[in-house]
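# Structural overview
The chain contents come next:
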Amino acid sequence: MRNRPGSNHLNSESEASGNPFQVDRMPGLRVCLLGLLLLAPLLAVSGRLMFIQMMNAEHFYSQFGKTTESFETIPSRDGRIVSIDGRVLAMDVERFDLQVHYRWLEEPPNERWLKQQALTLLKPLERRQKEKVEAAREKVLARRQQLWEELALVMRVPEQDLLISGNEIQKRVENIIDSVNERAEKKRAETAPSESVEETTETEPADYPQAFWKLLKETLTRPPRRPRRERIVVREELDYHTVKSGIPREIALAISAHPEHFPGVNIQVATLREYPQKTIAPHELGIRHRIDEKTLAARQERFPDGDPLDYQEGDRIGKMGIERSYDRFLRGLRGLKRVVKNRQGEIIRSEVVREPKSGDDVVLTLNTRLQGEVQNLLDQSLDELAQQKDENDAPTMEPSTGGCIVVLDVRSGAIVATASAPRYDLNLLLNPSPEEWQAVLDDPRRPLFPRATQMMLPPGSTFKALTSIAILESGKIDPDEMYPCRGYLDRPDRHRDFIYRHYGVGHNDINLTQALCQSCNVYFFQAARTMGPETLCHWADQLGFGKPTGIDIPGERGGHLPDPSPDRKKGKSPWYPGDTLGIAIGQSRLTVTPLQIARLMAVVANNGELVVPHLAYSIVPSAESTTTTRQIISHPQRYVSGIHPDTLERVREGLIDVVTNPHGTGYKTVRMKEISIAGKTGTAETGGGKNDHAWFAGFVPATRPKYAFAVVIEHGGSGSRVAGPVAQKLVRAMLDTGLLQPTAAKLQAN
């Protein structure tokens, strides 16, 4: 019995020997540990999901409704341009445009947008309930339909008109979408690598391991096939579009006051420049245009440290005339608003950060009533010239290409009227059609040309007023000495008088006053030869010829005053004796502007004060300005040094005789019974077989001058016959408008 193996003995030996086939008595412990290892990460993931769904759901819902914030400018009003008699010549008008977000006018509505709109109407937990999501979706669709009905009701227009406008917008945007996506698809096709097609061959059984290895390698290394890309969403799909432009202000305010009734609707406010008087002084007023990239880049180059006027793209800037010269006063200050948009680009709310500030008003010296009369009489005169015919019913002359009239105050230089013909409508330049713009450019009469400040012509005999000043100041010629005029200077075929060319006679014995009165060329030829060109050109320079007058509009030209000095720069034309004679009577290479001749007459009328012609009178601050005081604009002026009062008195005497003396060149066509006029006719030869330029320049009243003026008709012919009657009508218009009072009774009383 002792030798029988027992269980205890076996167990003790097994434990002692470490038998690997020994059975584990605790299998459940290991299973539990393995289960815990697997359960721990699952619990962590489940806990995180519960936290996201229950505790942190609002955070993700807020990301779903994430908004963007931006700042947009609010357009401001530019200042007005007003005439001295209170008429508005330029102003800003507000325009209100009705804009609707593309998703609100798109038919059928975008499904993704529609779902997002529906979800915004539900609470976070309700967004999982399909029935409520569907109900919210139907509510959005009904709201879309109601929007068009309410807009049509408020705007008092048929709903169908708004829907048609929306359909046109959708067609335009869809064309953009198709074009953008077609180009993108084409670009992807060109850049995508070509796929090689591998030929499959039957594999021998012995090659199975190698084929399996190749398939496994390709599966692990080949990039996955990308799914078809969604189409590109263009900016126009997330933007507002103008459904109706120029809606009334009260309707725009009603829509803006109740945004809850008009979702997806925005009122766009813009300011437009308008010129109510249309063709009144267009060359002097100028225009305002949106600043383009080229102009903005030029200003940035000019002011590398920052534009002092803070111009930005889209701002308006004066391009010509008063609009440009006084742009710093006229320009308003943009406002600023904060705009909050959702992910679809719809405006959620907006807040004004800075209110816009209007520009200041500029008051001009122009009298619009006289301006209108002057423009009309200039147009009528040009029409009459074009209709003149001879006995054979043929035109007597080529039609004049244009004309100009300038009227200014002899004491201050204030321009009360300035007319150029032909002219244009300022509103045409704001947004011209290609046909209208081309018609203006093709007009041979050049309606865009500012004749008062840029037309440079020989002045003809009107320049004899300055030659007379030079004669008297030189001291080399006795103005009372009689000089015999036989009609020509040296030879009958050169340097002749007008009456000799037409009638074969001269003026006989004549002095300075009579020479001015009768416009004797021979007298001034001889006088110029005696005193020399230096004296003549010196006084022309002193009285402002050969340089701009300084008028407060850009682009003025100074004409051309030849230089007779021997030390002139190399390359200038040589001086000939004939140049001296020609300049003495306003010919040769001398050219002037109508404004310069009008100022010459003002110098004679005001005893030698060289005024600066100007159009701006004052600056009136806007309502938002901190100052309320009107700013009177001062303009420099000076007396011509070295000129004697007796000299000007003698010249005035001759200019008065031009009109009042029966032998004067302006006696028959300029003289009036109501008021005395002083002035000078001028017929400037042009050559080339073209008609002469007709001039008349003077001042009125002759005894106590108030206004100086210049009239010029391009290629009009004789100054006394063509320009003289226009000058007479001009003075009559000044009487009719009250700028002048009749002086005939006073003269008779004296």
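In this text the structure is predicted, and so the values were computed from the model without any measurement.

## Points about the overall build of the protein chain
Looking only at helices and strands, one finds 27 helices and 21 strands in the protein chain. Counting over 750 residues, the protein chain shows a buried share of 45%. Long-range contacts, defined here as pairs at least 24 residues apart, represent 73% of the contacts in the protein chain between residues at least 6 apart.

## Brief notes about the environment of Arg156
As for its placement among the helices and strands, Arg156 is situated in the loop between helix H6 (130-155) and helix H7 (159-191). Each C-alpha atom of the pair Arg156 and Ile251 lies 9.5 Å from the other, and the pair is 95 residues apart in sequence.

## Some details on the pairing of strand E20 (residues 693-700)
The buried fraction of E20 amounts to 8 of the 8 residues, a majority that puts the element mostly inside the structure. Where strand E19 (residues 678-684) and E20 come together, 7 bridges link them in antiparallel fashion. Counted as the bridge partner of Ala684 is His693 from E20. Note: E20 against strand E21 (residues 707-713), 7 bridges, orientation antiparallel. Looking across to E21, one finds that Trp695 is bridged to Val712. Hairpin connection between E20 and E21: a loop of 6 residues separates the two successive antiparallel strands.

## Some details on the packing of aromatic side chains
Applying the stated criterion across every chain yields a total of 7 aromatic pairs. Measuring from centroid to centroid gives 6.3 Å for Tyr326 and Phe329, while their planes differ by 35°, and the two rings are tilted. For Tyr326, a relative accessible area of 7% gives the class buried. The interplanar angle of 75° and the centroid separation of 5.3 Å between the aromatic rings of Phe463 and Phe545 together place this pair among those described as edge-to-face. Placement of the pair is Phe463 in the loop between helix H16 (451-454) and helix H17 (464-474) and Phe545 in the loop between helix H21 (533-542) and helix H22 (577-584), with a sequence separation of 82 residues. Assigned by exposure class, Phe463 and Phe545 land together as buried. Clustering of aromatic rings is evident, with ring pairs tying together Tyr483, Tyr523 and Phe524.

## Examining the sheet that holds strand E8 (residues 335-341)
Ordered by their spatial adjacency, 3 strands build an open sheet running E1-E8-E9, and the pairing between neighbours is antiparallel. Of all the strands in the sheet, the pair left with one neighbour each is strand E1 (68-74) and strand E9 (347-354). In this sheet, adjacent strand axes meet at a mean angle of 25° when their direction is disregarded. Here E1 pairs with E8 via 7 bridges, running antiparallel.

## Comments concerning the sheet that holds strand E11 (residues 403-409)
Sheet strands pair by backbone hydrogen bonding; their relative direction is either parallel or antiparallel. Taken together, the 5 strands give an open sheet; going across it, the order is E12-E11-E21-E20-E19, and neighbouring strands pair in antiparallel fashion. Of all the strands in the sheet, the pair left with one neighbour each is strand E12 (415-421) and E19. Taken pair by pair, the neighbouring strands of this sheet meet at an average axis angle of 5°, ignoring direction. Packing of helix H24 (residues 645-660) onto the sheet brings it into contact with E19 and E20, and relative to E19 it is tilted by some 75°.

## Some words on the pattern of salt bridges
One pass over the full model with this rule turns up 36 salt bridges. Note that Asp239 is salt-bridged to Arg235, the shortest N-O span being 3.2 Å. Salt bridges sharing partners connect three or more residues here, namely Asp78, Asp92, Arg273, Arg288, Arg316, Glu323 and Asp327.

## Quick word on H21
In terms of burial, H21 is largely enclosed, as 7 of its 10 residues are buried. Every buried residue belonging to H21 is among Pro533, Thr535, Leu536, Cys537, Trp539, Ala540 and Gln542, and all of these are buried. Backbone geometry just downstream of H21 places Gly544 in the positive-phi region, at approximately 90°.

## Considerations on a nonpolar patch on the surface
On the surface, a cluster of nonpolar side chains totalling about 300 Å² of accessible area is made up of Leu29, Leu33 and Leu36. You can see Leu33 is positioned in helix H2 (residues 27-55).

## A word on the nonpolar core
Ranked by internal contacts, the top residues of the largest apolar core, which has 94 residues, are Tyr326, Leu364, Tyr523, Leu543, Phe545 and Leu655. Top contributing element to this core by residue count: helix H23 (residues 594-605), with 9 residues. The contacts of Tyr326, once residues within four sequence positions are left out, are Val362, Asp552, Ala616, Ile619, Ile633 and His635. Among the nonpolar cores identified, the runner-up in size contains 36 residues, and Leu385, Ala421, Phe696 and Val731 belong to it.

## Comments concerning the pairing of strand E16 (residues 616-620)
Across 4 bridges, the pairing between strand E10 (residues 361-364) and E16 is antiparallel. For Leu364, the partnering residue across the bridge sits in E16 and is Ala616.

## Some points on the side chain of His614
Positionally, His614 belongs in the loop between strand E15 (609-610) and E16. Setting aside residues up to four positions removed in sequence, His614 forms contacts with Thr365, Ser412, Gly413, Ala414, Ile415, Ile551, Asp552 and His635.

## A few points about unusual backbone geometry
Backbone torsion omega between Glu107 and Pro108 reads -10°, so that peptide bond is classified as cis. Looking at the secondary structure, you find Pro108 in the loop between helix H4 (102-105) and helix H5 (111-120). Positive phi, close to 50°, is recorded for His715, a residue that is not glycine. The topology assignment puts His715 in the loop between E21 and helix H26 (719-736). His715 gets classed as buried once you look at its relative accessible area, which sits at 16%.

## A closer look at the packing of helix H20 (residues 521-531) against H22
One can describe the packing of H20 onto H22 by two numbers: an axis separation of 8 Å at closest approach and a directional angle of 130°. Considered as vectors, H20 and H22 are oriented oblique to each other. The chirality of how H20 crosses H22 is right-handed. The segment H20 lies against H22, with Phe524, Phe525, Ala528 and Arg529 engaging Thr580, Leu581 and Ala584. Residues that form the contact of H20 with H22 fall into these classes: 5 nonpolar, 1 polar and 1 charged.

What counts and how
- Residues numbered from 1 in each chain as written.
- Predicted model: local features only at pLDDT ≥ 70, side-chain atom pairs only at ≥ 80, totals over all residues.
- Heavy atoms only, no water.
- Helix = DSSP H or I, 4+ residues; strand = E, 2+ residues; numbered from the N terminus.
- Buried < 20%, exposed > 50% of the residue type's maximum accessible area, 1.4 Å probe, protein only.
- Contact = heavy atoms within 4.5 Å.
- Pairing = 2+ DSSP bridges.
- Phe/Tyr/Trp six-rings, centres within 6.5 Å; stacked < 30°, edge-to-face > 60°.
- Axes fitted to C-alpha atoms, helices over the stretch in contact; angles between N-to-C directions.
- Salt bridge = Lys/Arg side-chain N within 4 Å of Asp/Glu carboxyl O.
- Patch = residues over 30% accessible without salt bridge, like charges linked within 9 Å, V, L, I, M, F, W, Y side chains within 5 Å.
- Areas by Shrake-Rupley, 256 points an atom, 1.4 Å probe, with all protein chains shown as cover.
- Core = buried A, V, L, I, M, F, W, Y, C linked by side-chain atoms within 4.5 Å.
- Parallel < 35°, antiparallel > 145°, perpendicular 65-115°, else oblique.
- Left-handed = near helix turned anticlockwise from the far one by under 90°.
- Nonpolar A, V, L, I, M, F, W, Y, C, P; charged D, E, K, R; others polar.

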